[in-house]
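What the coordinates show
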Number of protein chains: 2
Amino acid sequence: MDKINKKEFKNTFIKCIEEKGLRYTKQREVIVDAFFSAGRHITSEELFNIVKRIYPEIGYATVQRNLNLLCKCSLAEEIKIGKQKTRYEQKYGNTHHDHLVCLQCGRLIEVNDDKIEKLQAKLAKKNNFTPIKHKLEIYGICADCKSK
Amino acid sequence: MDKINKKEFKNTFIKCIEEKGLRYTKQREVIVDAFFSAGRHITSEELFNIVKRIYPEIGYATVQRNLNLLCKCSLAEEIKIGKQKTRYEQKYGNTHHDHLVCLQCGRLIEVNDDKIEKLQAKLAKKNNFTPIKHKLEIYGICADCKSK
DNA sequence: ATTGATAATGATTTTTATTATCATTTAGTA
DNA sequence: TACTAAATGATAATAAAAATCATTATCAAT
């Protein structure tokens, strides 16, 4: 199952690259592989360190550029929490979710609530505002940190 | 009414400063005055430009530092939207609200929905997460921009 | 009013994440 | 195989915010 998803993920990337008239390079393959296999909320620096082990000649700029490209292909999304470095989240299949952000350990927990989504739409409508996307973050202390 | 609020706002600042064993200076007075009287979502740069007219010797750093101090006193709150400069929002009386963010003109519209707040608390609880604060931003196109 | 301790200020530098630049290399095509 | 344009990697530029530090100002004690 992991393998299939990875293949789909990569194929989506390749398709997006072709649509834009861009080129699929060795570096891009290594980056998309590593990004898919890495944790869900990675920084460009972390990804750079992983990729470097597989492809030592790679430059930081290339990793950063390709994370931006993955975002443009809707395969990644920037998460900016406070003053932290931007993290890049995998976003295959477009399943929207919100985040619980642990203020102690920094962990991001993905959550979803249809009722909240609906109420948000309603709230926007009430203000004659056309919503395009939204961001909900709840900051607090996660279960793990509480039990410590 | 405006005057009274301003007075209250300033007194709260002075009280907070005293509690921390800090000093109420001329610069601080000018800054808190200007911050209160300015629009609700100001950047440090904008505030600096306003303050400079009243107190030309003032330095940027002083304005920045005192915006941070206002935040520590819970009289201001940082709003970070995308790659924009941090904006500082007045926060007197602690009335929490969320934002509709217009992607076209950049306007911030303050909104509030009790039902959403309650569902958020519920969502946190379900994850055994203790919420401390939260941030909800809905991005889209505002009424004004749509009618243009 | 004066003094002394210390906080605040203002000018400047540093930091840090991200983007831009540019010479060189590489990919894809004719 | 050669050509055109994109991609790369090294480095510089940007920009916002924080840190530094010498000087000034505040305030309590005298």
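Keep in mind it's a predicted model, so treat the numbers as computed, not measured.

1. Brief notes about the domain arrangement of chain A
Residue and element names in this part refer to chain A. According to the domain assignment, chain A contains domain 1 (2-90) and domain 2 (98-146). The distance between the C-alpha centroids of domain 1 and domain 2 comes to 25 Å. Carbon and sulfur atoms make up 56% of the surface buried where domain 1 meets domain 2, a total of about 570 Å² over both sides. For the domain 1 face of the interface with domain 2, the top three residues by lost area are His 41, Ile 79 and Ile 81, together amounting to 61%. On inspection of domain 1 and its partner domain 2, the count reaches 1 salt bridge. The residue Arg 40 makes a salt bridge to Glu 110 at a minimum N-O spacing of 2.7 Å.

2. Re the packing of aromatic side chains
Taken as a whole, this structure holds 6 aromatic pairs over all chains when the rule is applied. Consider the rings of Phe9(A) and Phe36(A), whose centres lie 5.0 Å apart with planes at 55°: the pair is tilted. Taken as a pair, Phe9(A) in helix H1 (residues 2-19) and Phe36(A) in helix H2 (residues 26-37) lie far apart in primary sequence, 27 residues in all. Residue Phe9(A) is classed as buried on the basis of its relative accessible area, which comes to 0%. Overall, Phe36(A) belongs to the buried group, its relative accessible area being 11%. Seen from their ring centres, Phe9(B) and Phe35(B) are 6.2 Å apart, and the 40° between their planes marks the pair as tilted. Of the two residues, Phe9(B) sits in helix H1 (residues 2-19) while Phe35(B) sits in helix H2 (residues 26-37), which places them 26 residues apart along the sequence. Note on accessibility: Phe9(B) and Phe35(B) belong to one class, buried. One aromatic cluster is present, built from ring pairs that chain together Phe9(A), Phe35(A) and Phe36(A). In this arrangement the basic side chain of Lys133(A) is found over the ring face of Tyr139(B), its NZ or CZ atom lying 5.3 Å from the centre.

What counts and how
Residue numbers run consecutively from 1 along every chain, following the written order of its sequence. By the order in which they are written, chains take letters starting at A while ligands take numbers starting at 1. This being a predicted model, a pLDDT of at least 70 is required before a residue's local features are given, and a value of 80 or more before pairs of side-chain atoms are given or counted; all residues contribute to the totals for chains, interfaces and linings. Neither water nor hydrogens contribute to the side-chain values; these are computed over all heavy atoms in the structure. How far each domain reaches was decided by an automatic or database domain assignment. What gets called buried area is simply the loss in accessible area from a 1.4 Å probe that two parts show on being joined, summed for both. Put simply, a salt bridge is a Lys or Arg side-chain nitrogen that is within 4 Å of an Asp or Glu carboxyl oxygen. Two aromatic rings from Phe, Tyr or Trp, using only the six-membered ring of Trp, form a pair when their centres are within 6.5 Å; if the ring planes differ by under 30 degrees the pair is stacked, by over 60 it is edge-to-face, and anything between is tilted. Segments assigned H or I by DSSP are reported as helices when at least four residues long, segments assigned E as strands when at least two residues long, and all are numbered from the N terminus. The buried label goes to any residue with under 20% of its type's maximum accessible area, the exposed label to any with over 50%, and the partly exposed label to all in between, with areas taken from a 1.4 Å probe on protein chains only. A ring is scored as having a charge over it whenever the NZ atom of a lysine or the CZ atom of an arginine sits within 6 Å of its centre and within 35 degrees of its normal.

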